[in-house]
Amino acid sequence: MTALLTRVKTTLSIRAHRRVRGMLDGEYASIFRGKSHEFDDIRPYVPGDEIRDIDWKATARAGYPLTKQFIAHRKQTMMLVVDTGRDLAAVAAGGEPKRDVAVLAAGALGYIAVRHGDRVGLIAGDAGGVRLVEPKGAESHLERILQVVVERARLDGARSDLRAVLERVVRTVRRRMLLVIVADDAAVDEETAALVRRLTVQHEILWITVGDADVMAAQWATSPMFDVADDSGIPDFLRRDRRLRAAFEEAERVRDAARDERLDALAISHVRITRHDEVVPTLFRLIEAHNHARR
Amino acid sequence: MTLVNLWLVLAWLVAALVTAAIVVWLQRRARRRSAEAVPVAHSDRLTTLPAYASALRRYRTLLWTVLVAVVLLVAASAVLSGRLVSLTTVQPELRNRDIVLCLDVSGSMIDYDAQIVETFSELTEEFDGERIGLVLFNASAITSFPLTSDYAYARSQLDALHADLVDPDTDWSFANGTLLGNGSSMIGDGLASCVMRFDDLDTQRSRSIVFATDNYVAGEQIMTLPEAGEFARSKDVVVFGLNPGDVRSLDYIAEFADEMRQVVEATDGTYWALEDPDAVPGIVAQVQERQAERFTGEPVLVVTDEPTLPVLAGFVALAAVMFAGWRLRR
């Protein structure tokens, strides 16, 4: 039952990413900087830790850099908020199911949180209902969370409904948390933006957009294609149409820009991930950007 | 318009329907279990674009083009396989006639001869399969030219003779050899000579003589006119007689005219007594007409294939299918 988490770990520990992973730990730790200054312990410095948190005296004694760890770090809760409707079973821009990319991204953040001793919970849902998995701090718990996501996000699952999930978060989550919202390219409309605005007041929010497949891409120009929402096919003739492709690319650009603008206006850190090998560097960028924005 | 192989057309239609049914069934099945189909979300990103609507219109137009063209192609093929024919009944005109112009070149006949020669010279233009020959006679008969289908030659001969006949200063060289008999105007001998000009007696051809004479005999004939007529009839030769002498203004002996009329009509021919040389073309036309009447064959049912329209329609349809297919697969 640890298959999903193993995959997350593998992704995180690929040689090329080793340095990034260390920095990811550091950047993650910084998210909660300033929430509490109750000193807890010192631990070896990892790249990405705040320079000013380095305990210089201890470093001098030990001979290698040590950094202060504050007690607040252990008490954080990360809540993964995932829209697990059947939209998530569709193909991502990179060619693999969006579900796999989402699980990898959520799993990587969750794993870092668990390694920091934080707790990870899940609010996942769709038009068929929203499910809450209470936050806990074990790897096996994270694995279970990921399994829930995979299980719900099927082609024959319920329709996607991000707003229902967010409403549930607004209603039920009282304590301050780090919300990791995993959504797709669906436009962030006015009502969703209003919900998110309410959440920003109380929580730290990281927004991960899993990029939808480019319908007009040459990659599947000759394969049959259907929309998961209503099973309607999109004739391949239309997907080869040059004029339509130009119009589609323009529309995509406009939509992406509109979403970025909305989220930027809400001061939410957000990234768009399209494939699994982008996950780690993109997450690093996300957290870094988040920390920078707040500073 | 009839279809010869109607059952084949029906077989085609059944085959087309069965094929269409199988294709529809396979499509249904393929749609149900499309393993390699790509599931995407939010296709309304694409489908709500105005460009999508116009592309969809183009797509539908092409699909309809293919559908209509395929139906047309199948229909054209079916009709072609059914062998579309038109049925007509024709009475074929047999154009295997031999005509010998048998002209008396005694002085009184020259004007008429000129007219006859001129008219036949023009007629050679229309001839196709007929043969024409020319015999001149007075006391004896000479063959000006034998039966021939070389119309250019016949025409040149006829024109040369016509030129001589109308020339007042002619040296009468065309009549050389026509005065070798015992007397002049041996009408019976002349006709008999003309009858002997027909060759190829085994083949089925219509044989006729345009016989121009005043039947005014002056000398001792070997054959009398009735004997010559009998001879012509025995060879199945039809004699059309033109007699310019048989008019009241001339002091003509009716006995001669009657004799000639009887001889001519005995061969199933026609007798004309004429006064004016200008009447000759009309008479020749009548001769032609009578012959045409006589020598039309049995009515024949002609079955003509009419593939032009289905073939053209098929080509157009095929071109449309290929064009639309190219556009769709591009």
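From a predicted model like this one, the values you see are computed outputs, not experimental measurements.

Enquirer: I'd like a rundown of the interface of chain A and chain B, residues and numbers included.
Expert: At the interface, 35 residues of chain A touch 23 residues of chain B. Of the roughly 2600 Å² buried between chain A and chain B, counting both surfaces, carbon and sulfur atoms make up 66%. Looking only at chain A, the three residues that lose the most surface to chain B are Phe 237, Leu 238 and Leu 244 of chain A, adding up to 22% of its buried area. Taken together, chain A and chain B are joined by two salt bridges. Here Glu 252 of chain A makes a salt bridge to Arg 45 of chain B, at a shortest N to O gap of 3.1 Å. Linking chain A with chain B are twelve residue pairs in polar contact (both at pLDDT 80 or more). Within the residue set of the side of chain A that touches chain B, elements represented by two or more residues are strand E8 (225–227), helix H8 (236–239) and helix H9 (242–265) of chain A.

Enquirer: If you had to explain the sheet that holds strand E11 (residues 271–273) of chain B to someone new, which residues and values would you point to?
Expert: Residue and element names in this part refer to chain B. On the basis of which strands lie adjacent, the open sheet formed by six strands has the order E6-E5-E4-E8-E10-E11 and mixed pairing. Of all the strands in the sheet, just strand E6 (141–148) and E11 have a single pairing partner and so form its edges. Each neighbouring strand pair of the sheet contributes to a mean axis angle of 10 degrees, computed without reference to strand direction. Relative to strand E10 (residues 237–243), strand E8 (residues 206–212) is paired through six bridges, and the arrangement is parallel.

Enquirer: Describe unusual backbone geometry, listing the residues and the values that go with them.
Expert: One can expect most non-glycine residues to show negative phi and most peptide bonds to be in trans. If you check the backbone angles, His 42 of chain B has positive phi at about 55 degrees while not being a glycine. Residue placement: His 42 of chain B occurs in the loop between strand E2 (38–40) and helix H2 (44–47).

Enquirer: Pulling in residues and values, what's your account of the confidence of the model for chain B?
Expert: Chain-level pLDDT for chain B is 83 on average; 93% of the residues reach the 70-or-more range. Among the prediction metrics, the complex's ipTM stands at 0.73, with pTM recorded as 0.60.

Criteria and cut-off values
- Residues numbered from 1 in each chain as written.
- Chains lettered and ligands numbered in written order.
- Predicted model: local features only at pLDDT ≥ 70, side-chain atom pairs only at ≥ 80, totals over all residues.
- Heavy atoms only, no water.
- Contact = heavy atoms within 4.5 Å.
- Buried area = accessible area lost by both parts, 1.4 Å probe.
- Salt bridge = Lys/Arg side-chain N within 4 Å of Asp/Glu carboxyl O.
- Polar contact = N/O pair within 3.5 Å; in protein donor to acceptor, adjacent residues only side chain to side chain.
- Helix = DSSP H or I, 4+ residues; strand = E, 2+ residues; numbered from the N terminus.
- Pairing = 2+ DSSP bridges.
- Axes fitted to C-alpha atoms, helices over the stretch in contact; angles between N-to-C directions.
- pLDDT = per-residue confidence, 0-100.

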